[in-house]
Amino acid sequence: MAASAPLPLEASPIAFGTDGWRGILGVDITVERLLPVAAAAARELEFSAPEGLNSREIVIGYDRRFLAPELAEAICSAVRGADLVPVLAEAPIPTPAASWAVVERRALGALVITASHNPPEWLGLKIKGPFGGSVEGDFTKRVETRLEAGSITVPIPGDTLRFDAMGTYLAGLKSKVDTAALSEGLQRLGLQVIVDPMHGSAAGGLSRLLEGAAASDHLREIRSNRDPLFGGNPPEPLAPYLQELIAEVRASTLAGRPAVGIVFDGDGDRIAAVDEHGRFCSTQLLMPLFIDHLARAKGLPGSVIKTVSGSDLMQLVAEGLGRLVIEKAVGFKYIAAEMLASEVLVGGEESGGVGFGGHLPERDALYAALLLIEALVEGGKPLGERVSELQQRSGGAAAYDRLDLRLRDMATRQRLEQFLTSTPPTEVAGAAVQEVISTDGVKLRLGPSHWLMLRFSGTEPLLRLYCEAPSDARVAEVLSWARELAEGI
């Protein structure tokens, strides 16, 4: 294993990103810093509560990271100090389980100790609102204002009410999906599901939901033990971190038993899959399948929400089924806002977050996994075949990849951003640019299912390059071209 990067000697300012406050444990995230943040968040949840919500409860959840259970216990004292009532999950839970508990208990909101898919040395805090999803930027700005004002809240130790948050959540999912029928369907298909929770807090969830499939060996889990180092990689559902799962799926299929791999990130709100041939399937391929299953097979209502970095296949499948497609900037908060405002069939982003209308305005990987299995059972074919069918029906296969490029410094980032905004390229790797889209960063449309997108991180000198093209070779060519462009400015 490569040596870790040296720890920064100073903590970063407390600032909320797209979903929560995260940092390096022991540097940014300490008990002294976490307690005031938790108290300010709890007070803001109380202050912002919708009319008629008279609860004083704040749900407290946590993942499987080092010190997460202990820090969750600590912030219960901060919530009591804010004159509110903490209710603590009795074991590590996926983040959507905290959101589910908020809605079911009609609580003010939830505070979840997690760093999601970040590297093992990170930890953080997510805030969930009373509607069962992440709070918006305006809310977290008010939390930051409270911290700057320095309002003093003294933590109050005491006994905390604990509850079976995981059991409650799984019972809720079972009320929405016929899990017994899914277990029978897997046995009928002869399909094996291999689950990789990446040592995270979704471990055991799918086995408990599909007990029949687990009992008949049509579902099994790997890497389900708690490992705060996550095997030495970030618990992020990306192909380089999933070699064990890919090998297991291929071995099962080669032995005459087609398999599908399902993977969850560290806190169980992101999903990816591996098809029967060992091909990694991000939500770029899963979202079209969800759209087809929910709109065609189940006839459910609503529009489709995709981010600007989402595959064209999502749009082609949705429009082929007569559904309105709304494109948003990158970030699930934009999808969640649409889910709260209108009737949505499904909304998803390329990095693994998917939410469903009639459920929570929240990414929920275990619920997504149930619907993925339901789609395979309904179609009577393994994942690779189902995806290939959709691609052929919608104009042919396309490839996709993303490259994260670390820039020299923020000045380089600003210079490159100014260049792309003022003089976007008219040609990319020999192809004429047909359209420039500036919803989020710069997206250069080159043809059907062929585009390049350049988008900057808001907090660090990082440029994300996204490309969809007719072949893997063309994707590599375009990303190489984009890298040269970025490094030459």
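Before reading further, recall that the structure is shown in the block above.
Quick summary incoming for the structure in this document. Being a predicted model, the structure only gives us computed values, none of them experimental.

**So, the overall build of the protein**
When helices and strands are counted, the protein shows 16 helices and 22 strands. Over its C-alpha trace the protein gives a radius of gyration of 22 Å, about what one expects of a compact globule, namely 23 Å for 489 residues. Oriented by its inertia axes, the alpha-carbon framework of the protein measures out at about 60 × 60 × 50 Å. Among the 489 residues that make up the protein, the fraction classed as buried is 57%. Put simply, of all contacts in the protein between residues at least 6 apart along the chain, 70% involve residues at least 24 apart.

**Points about the pairing of strand β20 (residues 442-447)**
With 6 of 6 residues buried, β20 lies mostly within the body of the structure. Bridge analysis of strand β19 (residues 435-437) against β20 gives 3 bridges, and the strand direction is antiparallel. For glutamate 435, the partnering residue across the bridge sits in β20 and is arginine 445. Counted between consecutive antiparallel strands, the loop separating β19 from β20 contains 4 residues, among which glycine 441 sits at a positive phi close to 70 degrees. In this structure, β20 lies alongside strand β21 (residues 450-456), joined through 5 bridges in antiparallel fashion.

**Quick look at the pattern of salt bridges**
Should their charged atoms come close, side chains of opposite charge can pair. Applying the stated criterion across every chain yields a total of 37 salt bridges. Two residues, glutamate 378 and arginine 296, come together in a salt bridge whose shortest N-O distance is 3.1 Å. Pair noted here: glutamate 378 is in helix α13 (residues 365-379) and arginine 296 is in helix α10 (residues 283-297), with a separation of 82 residues, a long-range link. Judged by relative accessible area, which is 37%, glutamate 378 ranks as partly exposed. When its relative accessible area of 38% is taken as the criterion, arginine 296 is described as partly exposed.

**Some words on the packing of aromatic side chains**
A complete count under the given rule lists 3 aromatic pairs for this structure. Measuring from centroid to centroid gives 5.4 Å for phenylalanine 356 and tyrosine 367, while their planes differ by 85 degrees, and the two rings are edge-to-face. One end of the pair, phenylalanine 356, is in strand β15 (residues 354-356); the other, tyrosine 367, is in helix α13, and 11 residues separate them in sequence. Tyrosine 367 shares its class with phenylalanine 356; the two are buried. Geometrically, the ring pair formed by tyrosine 400 and tryptophan 451 is tilted, given 6.4 Å between the ring centres and 50 degrees between the ring planes. Of this pair, tyrosine 400 sits in strand β16 (residues 399-406) while tryptophan 451 sits in strand β21; the two residues are 51 residues apart in sequence, bridging distant segments of the chain. We classify tryptophan 451 as buried; its relative accessible area is 0%. Through a chain of ring-to-ring contacts, the aromatic side chains of Phe290, Phe356 and Tyr367 assemble into a single cluster. Its end group placed over the ring of phenylalanine 163, arginine 105 keeps NZ or CZ at 4.7 Å from the ring centre. The ring of tryptophan 451 is capped by lysine 443, whose NZ or CZ atom sits 4.3 Å from the centre of that ring.

Thresholds applied
- Residues numbered from 1 in each chain as written.
- Predicted model: local features only at pLDDT ≥ 70, side-chain atom pairs only at ≥ 80, totals over all residues.
- Heavy atoms only, no water.
- Helix = DSSP H or I, 4+ residues; strand = E, 2+ residues; numbered from the N terminus.
- Rg over C-alpha atoms; globule rule 2.2 N^0.38 Å.
- Buried < 20%, exposed > 50% of the residue type's maximum accessible area, 1.4 Å probe, protein only.
- Contact = heavy atoms within 4.5 Å.
- Pairing = 2+ DSSP bridges.
- Salt bridge = Lys/Arg side-chain N within 4 Å of Asp/Glu carboxyl O.
- Phe/Tyr/Trp six-rings, centres within 6.5 Å; stacked < 30°, edge-to-face > 60°.
- Lys NZ or Arg CZ within 6 Å of the ring centre and 35° of its normal.

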